[in-house]
Each structure stands twice: as structure tokens, then as C-alpha cells.
Amino acid sequence: MLLRSCWKSRHKNGPGPGPAPSPAAGWVRPGLAALLWLCVTQAPCGGGAVSETKNVVQKDAEFDVTYNDTVTSDNQTIYAFNHTVSRNKTEGVHVSVDVLSQALESPFLFVVRQKHGVLSFQVPLILRGLYQRKYTYSHVGRTLCQPPTRAASETQYFFLDVSTLSSLGTNYQLRVSRVERFTLLTDTKFSFTASPSQPQYFKYDFPDGVDTVIVKVNSDMDFPCSVMSIQDIQCPVYDLDNNVAFIGMYQTMTKKGAITVQRKDFPSNSFYVVVVVKTEDEACGGPLRFYPLRPNELIDAGNRSKVLDVVVSPAINSKVYVMGMLFCLGIFFSFYLLTFFMACLENKQMSKKRDVFPIPADTSPAETGKTAASPYEYGSFADNGSTLSSEAITDSATSTDNNYGYLERSLDSVGRSRQESLSSVEEDDYDTLDDINSDKNIVRTKKFLCVSDLARKDKRILSKKYQIYFWNIATIAVFYALPVVQLVITYQTVVNVTGNQDICYYNFLCAHPLGALSAFNNILSNLGYVMLGLLFLLIVLKRDIVHNRALVRNDLHAHECGIPKHFGLYYAMGTALMMEGLLSACYHVCPNYTNFQFDTSFMYMIAGLCMLKLYQKRHPDINASAYTAYACLAAVIFFSVLGVVFGRGNTVFWIVFSVIHILATLLLSTQLYYMGRWRLDSGVLRRMVNIIYTDSIRQCSGPMYIDRMVLLVMGNIVNWSLAAYGLIERPNDFASYLLAIGICNLLLYFAFYIIMKLRSGERIKCLPLVCILFTAVVWGFALYFFFQGLSTWQKTPAESREHNRDCILLSFFDDHDIWHFLSSIAMFGSFLVLLTMDDDLDTVQRDKIYVF
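Note that this is a predicted model, so its numbers are computed, not measured.

Participant: Any details on the overall build of the protein chain? Residues and values, ideally.
Facilitator: The number of helices and strands found in the protein chain is 20 helices and 22 strands. Sequence separation of 24 or more characterises 82% of the internal contacts of the protein chain that already satisfy a separation of 6 or more. Accessible surface, the protein chain as shown: approximately 40,400 Å² in total, 62% of it carbon and sulfur.

Participant: Describe the sheet that holds strand 16 (residues 212-218), listing the residues and the values that go with them.
Facilitator: The antiparallel open sheet is built from four strands, whose spatial order is 14-22-16-19. Unpaired on one side and paired on the other, strand 14 (190-194) and strand 19 (256-262) mark the two borders of the sheet. Strand-to-strand twist of the sheet, defined as the mean angle between neighbouring strand axes without regard to direction, takes the value 25°. As defined by bridge partners, strand 14 adjoins strand 22 (residues 306-314) across five bridges and the pair is classed as antiparallel. Bridging across to strand 22, F190 finds its partner in V310.

Participant: Tell me about the packing of aromatic side chains, and please be specific about residues and values.
Facilitator: Following the criterion strictly, the structure yields 57 aromatic pairs and no others. Measuring from ring centre to ring centre gives 5.3 Å for W654 and Y737, while their planes differ by 65°; the resulting arrangement is edge-to-face. Remark: Y737 occurs in helix 17 (residues 734-759) and W654 occurs in helix 14 (residues 651-673); sequence separation between them is 83 residues. For W654, a relative accessible area of 0% puts it in the buried group. An aromatic cluster is present here, built from F638, F639, F653, W654, F657, Y725, F734 and Y737 joined pairwise through their rings. Looking at R178, its charged tip hangs above the ring of F63, at a distance of 4.1 Å from the centre.

Participant: Give a description of the nonpolar core that names residues and reports values.
Facilitator: A general tendency of soluble globular proteins is for nonpolar side chains to be buried together. Formed by 111 residues in total, the largest nonpolar core has its most connected members in Y469, F536 and L609. Within the second largest apolar cluster, 31 residues are counted, among which are V99, V112, Y137 and I299.

Participant: Provide a residue-level description of the packing of helix 7 (residues 459-498) against helix 12 (residues 596-618), including the pertinent values.
Facilitator: At a closest axis distance of 11 Å, the pairing of helix 7 and helix 12 adopts a crossing angle of 170°. Compared by their axis directions, helix 7 and helix 12 come out roughly antiparallel. Contacts between helix 7 and helix 12 pair Y466, Y469, I473, I476, A477, Y480, V484, L487 and V488 from the former with Q597, F598, S601, F602, M605, L609, L612 and Q616 from the latter. Here the residues of the contact of helix 7 with helix 12 sort into 14 nonpolar, three polar and no charged.

Participant: Let's hear about unusual backbone geometry: which residues, and what values?
Facilitator: Cis geometry is found at the peptide bond from F223 to P224, where omega equals 10°. Note the cis peptide between C235 and P236, where omega equals 0°. Within the secondary structure, P236 is located in the loop between strand 17 (226-232) and strand 18 (249-253). The residue N269 is not glycine, and still its phi comes out positive at about 60°. For N269, a relative accessible area of 32% puts it in the partly exposed group.

Participant: Account for helix 12, with residues named and values stated.
Facilitator: Its 23 residues give helix 12 an end-to-end C-alpha distance of 35 Å, which sits within 8% of 33 Å, the value for a rise of 1.5 Å per residue. Judged by how many residues are buried, helix 12 sits mostly within the fold: 21 of 23 residues are covered.

Participant: Break down the pairing of strand 18 for me, citing the residues and quoting the values.
Facilitator: Among the five residues that make up strand 18, five are buried, leaving the element largely enclosed by the rest of the structure. Residues M249, Q251 and M253 line one face of strand 18 and the alternating positions Y250 and T252 line the opposite face, and both faces are buried. Summarising the sheet, strand 17 and strand 18 pair through five bridges and their orientation is antiparallel. Paired with S229 across the strands is Y250, a residue of strand 18.

Participant: Describe the packing of helix 13 (residues 626-646) against helix 14, listing the residues and the values that go with them.
Facilitator: As a packed pair, helix 13 and helix 14 sit with axes 11 Å apart at the nearest point and diverge in direction by 160°. As summarised for this structure, helix 13 and helix 14 are arranged roughly antiparallel, according to the angle between their axes. In the packing of helix 13 onto helix 14, the handedness of the crossing is left-handed. When helix 13 is examined against helix 14, the residues F639, L642, G643 and F646 are found in contact with a partner set consisting of F653, F657 and I660.

Participant: Give me the lowdown on the state of the cysteines, citing residues and values where you can.
Facilitator: Scanning the entire structure with this criterion turns up four disulfides. Here C145 connects covalently by a disulfide to C235, the sulfurs 1.9 Å from one another. Every disulfide takes its handedness from the sign of the S-S torsion; for C145 and C235 that torsion is -85°, giving left-handed. Residue C145 is found in the loop between strand 10 (139-144) and strand 11 (153-164), and its partner C235 is found in the loop between strand 17 and strand 18; the two are separated by 90 residues along the sequence. Covalent S-S linkage joins C504 and C590, the inter-sulfur distance amounting to 1.8 Å. Classification of the bridge connecting C504 and C590 rests on its S-S torsion, roughly -95°, and on that basis the disulfide is left-handed. Linking C504 in the loop between helix 7 and helix 8 (520-524) with C590 in the loop between helix 11 (568-589) and helix 12, this pair joins segments that are 86 residues apart in sequence. In terms of burial, C504 and C590 fall into one category: buried.

Participant: So what's going on with the pattern of salt bridges? Which residues, and what values?
Facilitator: In this structure the tally under the stated criterion is 20 salt bridges. Residues D838 and K617 are paired through a salt bridge, measuring 3.5 Å at the closest nitrogen-oxygen approach. With D838 in the segment after helix 20 (815-836) and K617 in helix 12, the pair connects residues that are 221 residues apart, well separated along the chain. Assigned by exposure class, D838 and K617 land together as buried. Close ionic contact of R618 with D838 constitutes a salt bridge, the shortest N to O distance being 3.3 Å. Highlighted residues: R618 in helix 12 and D838 in the segment after helix 20, separated in sequence by 220 residues. Judged by its relative accessible area of 4%, D838 falls in the buried class. Members of the salt-bridge network, linked through shared partners, are K617, R618, K757, E762, D838 and D840.

Participant: Tell me what's going on with the side chain of S669, and back it up with residues and numbers.
Facilitator: Along the chain, the position of S669 falls in helix 14. Take S669: its relative accessible area is 12%, and that puts it in the buried class. What S669 contacts, discounting residues up to four positions off in sequence, is L712 and N716.

Participant: How would you explain helix 7 if you had to name every residue and give the values?
Facilitator: Two residues of an α-helix separated by three or four positions point the same way, owing to the 3.6 residues in each turn. Between its first and last C-alpha atoms helix 7 spans 58 Å; for 40 residues at 1.5 Å apiece the expected length is 58 Å, and the two agree. G499, located one to two residues past helix 7, shows a positive phi value of around 75°.

Participant: Pulling in residues and values, what's your account of a nonpolar patch on the surface?
Facilitator: Side chains of I655, V659, L663, L666, W720, L727 and I728 sit close together on the surface and give an oily, nonpolar patch of about 640 Å² of accessible area. When residues of the nonpolar patch are assigned to their parent elements, the largest contribution, four residues, is made by helix 14. On the secondary structure map, W720 appears in helix 16 (residues 706-729).

Participant: Can you lay out the sheet that holds strand 9 (residues 134-137) for me, pointing to particular residues and giving the numbers?
Facilitator: Here we have three strands laid out as an open sheet, ordered 8-9-21, and mixed in their pairing. A strand with exactly one partner marks an edge of an open sheet, and here the two such strands are strand 8 (125-128) and strand 21 (298-300). Between one strand axis and the next, the sheet turns by 40° as a mean value, whatever way the strands run. Inspection of the sheet shows strand 8 paired to strand 9 by four bridges, in the antiparallel sense. Note on strand 9: the bridge partner recorded for L127 is Y135.

Conventions used here
- Residues numbered from 1 in each chain as written.
- Predicted model: local features only at pLDDT ≥ 70, side-chain atom pairs only at ≥ 80, totals over all residues.
- Heavy atoms only, no water.
- Helix = DSSP H or I, 4+ residues; strand = E, 2+ residues; numbered from the N terminus.
- Contact = heavy atoms within 4.5 Å.
- Areas by Shrake-Rupley, 256 points an atom, 1.4 Å probe, with all protein chains shown as cover.
- Pairing = 2+ DSSP bridges.
- Axes fitted to C-alpha atoms, helices over the stretch in contact; angles between N-to-C directions.
- Phe/Tyr/Trp six-rings, centres within 6.5 Å; stacked < 30°, edge-to-face > 60°.
- Buried < 20%, exposed > 50% of the residue type's maximum accessible area, 1.4 Å probe, protein only.
- Lys NZ or Arg CZ within 6 Å of the ring centre and 35° of its normal.
- Core = buried A, V, L, I, M, F, W, Y, C linked by side-chain atoms within 4.5 Å.
- Parallel < 35°, antiparallel > 145°, perpendicular 65-115°, else oblique.
- Nonpolar A, V, L, I, M, F, W, Y, C, P; charged D, E, K, R; others polar.
- Expected span 1.5 Å × (residues − 1).
- Left-handed = near helix turned anticlockwise from the far one by under 90°.
- Disulfide = S-S within 2.5 Å.
- Salt bridge = Lys/Arg side-chain N within 4 Å of Asp/Glu carboxyl O.
- Patch = residues over 30% accessible without salt bridge, like charges linked within 9 Å, V, L, I, M, F, W, Y side chains within 5 Å.

Quick look at the structure:
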């Protein structure tokens, strides 16, 4: 009834044993008495309703005293407290309430009136979970907000009102106590217990000379799930599960939580550390409770207390930032200095060779007195890019020589001179002639192939063809990178504005902010990819210039010897390495599963380009065009996106992907085995049956191209195994699984290339050998740090933080940063191996270089 708001005050006649009344109480009590007197003696409150009185009892209460009282709808109790607040010392005040009655008609309402705010809560406390689940808590504890005071010492009063609408007498237990360790000390661990109905928060003041601290909260218990929050010193403090995300920075946690706090974000030079236990564990990856059978059914939450400890430690200062940046720059600038030294040494050696062994520009290697007795001695001279005579082709095709394809041919077998081979012939026109197609079938299906057989097209046309690789990847990089940069800036802005630390999967124990960036060290460590990618481009440019100068002066070694020099793919590889650094840095601005493809897209491209370059070395005429290559890589990235979005636990997706993976492996194997001289049409199955029947059943003969068959069988075994693993295990990290497929195929082809090179009697010079050994060692260490797994977006943010670890290098870099350093160096070394691996063939005729 409305008249229940009309109260009749019942005061004590004399001062109680409690403290003396304050000036505030002086005007509160007379005013309250006058208001109640009017309600009782004048017209009924509420305009004509039946008058009803409500007893109001005010008690001068004391701290650390337990009060057992009863409250009904007819009476209300007010507890008056006072305490001294000091400017240099802040004491917390904790209110603890227990309901002693089992069945309640209506809840209690507790209202705490302070000088600068009001806190109210009901008991039993009802908190909502997912799907509108309602959890009830009979024991409630709340900490009162303590605003700062300007006076050196001040006595503050607050009043705690207890009321209910229940007509039955309900017992409760109340205790108000001081929190002695309310202010946290630097580098001092403090343990406490929290629950959903009893959140805890503490104050921390920045000490002089410290601008950044890291707040660490730890627990030995995985569950219940909890939330740690950093909030400014202002009232109210949001310390319940349903409002802790309203303000400040916050993150969910199981065993570990850490937030880096900067002084500049808190004008008062202090902040609150708030710890809240959630009503459910689903946000931390825990099980979800059953769905209530009846709507609005109250669920007993059980015991959800959690023991935690908190420690606040100073973070690194500006000197450590400077040392980290100088260390990063110093490492990679040393590679520039080493490269400059090696270039100077190489130029000096070349100058000495030119002074001792001058060779005229138009003198062939055959005229220098070398013989053709050995496939790798500087003997007879073959054309580059010219069509062989039919006699030579016939002799090669029918030869049964077992010298692994190194065929002895005289200068008379050269069907076209070097000058004729440089004639301007468009590649498309060249390939569409019927007689040339017939010639291709004869040449490319020979049992033993030499580089000269697959380097017959005009060099200038091929050079333009392979330059398209560079221009295409440069265009792709621009169109891909710009929206990526825009997106990650938006991500970082959202994190900074909302304070939600669960958006990004950092290693929070080693995440050093700079400006608006939350983890500057993870971004800085990607500098190696960019710097070493640029250095590789400079090395390739130098080689390109030297080669062009040799062509201009008609150096026959440049024209007719060694692996044909096409630098377009090298430029594309260097650009891809630089873009990998840029996009990896963008990913680490806010790492999560939605933008992980930024970190892997150019890794796919690097793996694909390296395989294409290995194949191009000895198959320059039949290598894939840039448009075909990038279209295939785009399909890979497309499947990567589908796998990240739909692949987690989706059996249909994994079946479809595995079938496509196996079919693509078979098609590529056929293309490589027959050097592109086959057709995919309606008669392909009939031709396959005929070949199997004729060669394997009737003639019992083995494969014609044994080496190629060995490589392709191994490749199929590896890829079929990876497809089976994906179908059976269905890994959550599909992007990494797809990258593993590319890396395994690249390593397999690279190992095959090295083995076949040595088996063919070729040698590896000192520089590439050193690069191979150095790169293998660096890759081993890099993979060790990669598999440390400091965070993983395959789990919830709280579970990911369990893998977080402290910095291990200069107090600035963590394990993943070292992975960035080592992997960028290893990739650079791998590129150098590809660039220099066949330098021993620079003076060997192309008709004596075996194709494998």
C-alpha cells in the first residue's frame, strides 16, 4: 500500500555507546522526524489511501560486529556507521550479508547511502547466465566504493538501510568490516577469495618514477571462470558479472590473467583491480549447465568460490624499449654488412680471374682447349633456345646410354646458331605451330632430357613472362595490404575503446604497449622479414645487372651455359617475404582466428613460389605462367578461409577438401610426369588402361622416367597421408594444416633436387653449402620456439592465457618474437640457397645439364 512509505521514527533518547552524531546526522534525523510526523498527523499519504505506519529503527553500528536481526514489511532498520578517511591511506569497507531463513516470500533490499553515492543490492542475489538462466545466492558480500578525499583526515558517515516487502519475519545476519589490505603494494603478492556474489576489488597507487605496471592475477583452480578488470577511481565500481564489462579494461581468466596498465590512462595516478567470478564457465571453455525445465526457475549455483592472488609489478621502462629496437635493427643490419663484404670479395676475385684468364667476348668454351670427355668439363658447345635437328632428336630418343642422360653431341648437331635463337618470336605463335607441337612431343618425351631441350624458347620472351610474377605479386600486395591495415587499426581501436582484452590473443605476460599498440614487441620482431626481403631483392638486382652486362658484351658463358637466368620469380619471392613481414605485423596488432589468414596468406605464396622456382631451374620453357600460379594460390587461400570459418568439426567439409586434395595431387603428378604432354578429356581413362595393360601386364616393363616416378610416388604418399590425417583428426587450426601441406611438399621437392644434383655428378659450391647448413640449423631452432605455443586462438581467450609466459630476451621479446627473428633469417637463407645452388653449372653447357 502507498501508505507504507509513511514512516514513524523511533529514536533513542540519549546518545548510545557508539560514536557521537555527525553534523550530517544532525539535519537528517530532524528532517526525517518532521516528514514522518506529517505523514501520520495530516491527510493520508498517497491521496486517500488507508493509513498504515511503518516502524523505522536506526542503530549506531560498529565495524567487525555481527548483527542478527529480523525485518518485515512493517519495519525497517537503518545502521549508521562512521569512519575516518585519510588522504594518504585508503581503507576498504566490506559489507557481508547472510539470509538465515530458507523460504522467502520477498527478498531483502539493502541500500548503502554514502556521501558521494548509493549502493543497493538484494538478498538473495539473482544473477543471470546464458539463455536467461537465473542463479540465486544467499550469501552476498560487497565492498564499498571509497572516493578520494582532499582533506588530510576526514570522518565520513554512511547508512545501511534494510527493508523487505515480506509480511513474515525474516532473519538475516549483517557484518561490516574494514579491509586492511585494500591498497596493493608493488611486487607484493596478496591472496583472497572471491565468488559471484562476493566480488573483490583493491586499489593501487602508481609509485614515483613508475609509468607502467603489469597486474597479474593467478589461481591454482581452472574453474570457476573469473574476470579481472582495471577501473578508474570513481563510484560506482562495476563488480558484478552482469556489469563488470561496462567500464575499464577486462579479460576472462582461468589460471592466469595479466593486464598492462599505463599511468597516462589514469589521471588520478591510481586504479582499482576488480576480480569477479562468473556465474557460468562457458566463457572460459567450461561445460554449460542444463537448461531449466520451467521458465524463471531459480538454479542453485552451488559453491563457486575461487582462491586467487594478485601482484602488481613495474613494467619495462623506455631504456628497455630502446635496447629492444637497437637489438632488432643491429641483427638485420649485420646481414647487410656481411653481404656488402661478400660482394666486395667476389668482385675482387672476379677482377683477378679476368686479369689472369682473359677470354674474348665471342670465344666459345670449346675454343679454350677444354674437351667434351666429361659431362661437366667445358667441352662441346650447345645452343640456347634453338631447335635441335631431327637427327639429334632421333639419336637422343633412341639412345640407350646409361650415363644418366648426359649425351655427347658435336657442334655439327646444333640446328640453329645462337644468333638465330635470339630472333624475335612471340611465344604464343611459336607454340601453336603443328610441327613445333610434334617436335615438343618428341623432345619432352625423351627418356633422358637436358636443360637445352627445355630452354629452347626466346630468352627475351621468357624474361618478360617471368617478370609478370613480380608485377602481379606487387599488385596483389597493394590491394591485399591496404584493407588489412585498415581492419587491424579498427580492431585496435575497438580494443582500446571497449577495454575488452578477450578480442586479441596476446601473450599478456610479455605484451609491451607503445602508443595505441598493445603488443609493440610482437610487431617490431617482424622487421626482419621486411629488411631481409629487401636485402634479397638487392642481391637479385645485382645478379640481374651483372648477367645483363654479360649478355650485352656477348659473353658466351652467359648465353649458352648454366641454368637459364630468369630473375622474375626471385623478385616475386623477395616481395613476398617483405609482405609476409608487413602482414604478420598487422596480424599481431590484434591476433585472433578471424585475421590469422593475414599471417599465412603470403606464407602460402612463398612456399608456392619456391616450388615453382625449383621447377623452373631446369624446366624454363614449361613452367606455369604467373596467371595460372596465382590463380592456384588464390584457390588455396580461398580454401583456407573456408576451413577457418566452416572447417571446425565439420565432417562434410573435410571429406570434400580431402577429395579435392587427392585429385589435385593426381592431376599435378600426371602433369609433371608427362611434362605437360597429355590431355584431360573423355578418353583419358581409356588411355590409362591401355598404358597399364601394355606396359605393366604385357611387357612387364617399369616406368620410363624412373626418377620422376620416384619423386611423384613419394609426393603422393605424403599428400595422401596428410589428407587422411586431416579427415581423421580434423584439426581446428586449418590454416596451419594447409601451410604444413605446402611446406612438406616444398621440403620433399627440395630434398629430391639436392639428391639428384649430387647423384648426377654435380657439386655444390662452398657458399651454397654453407647457406644450406646454416639455414638447416636456424630452421631447427626456429621451429623449437614456434612450437612453444604462447597463445592459441583454437581455445577461448581465458584458456589461451594459460599458455602465456614471461619475456626471455632483454625483458622485451618472448619466444614467438625469437621465432620471428629466426624464421626470417631461415627464409632469407633458403632463398640464398635457391639463388646460388646451381652456381657450379655457370660454365657447363646446357646440353650436358640433366633435367630432373
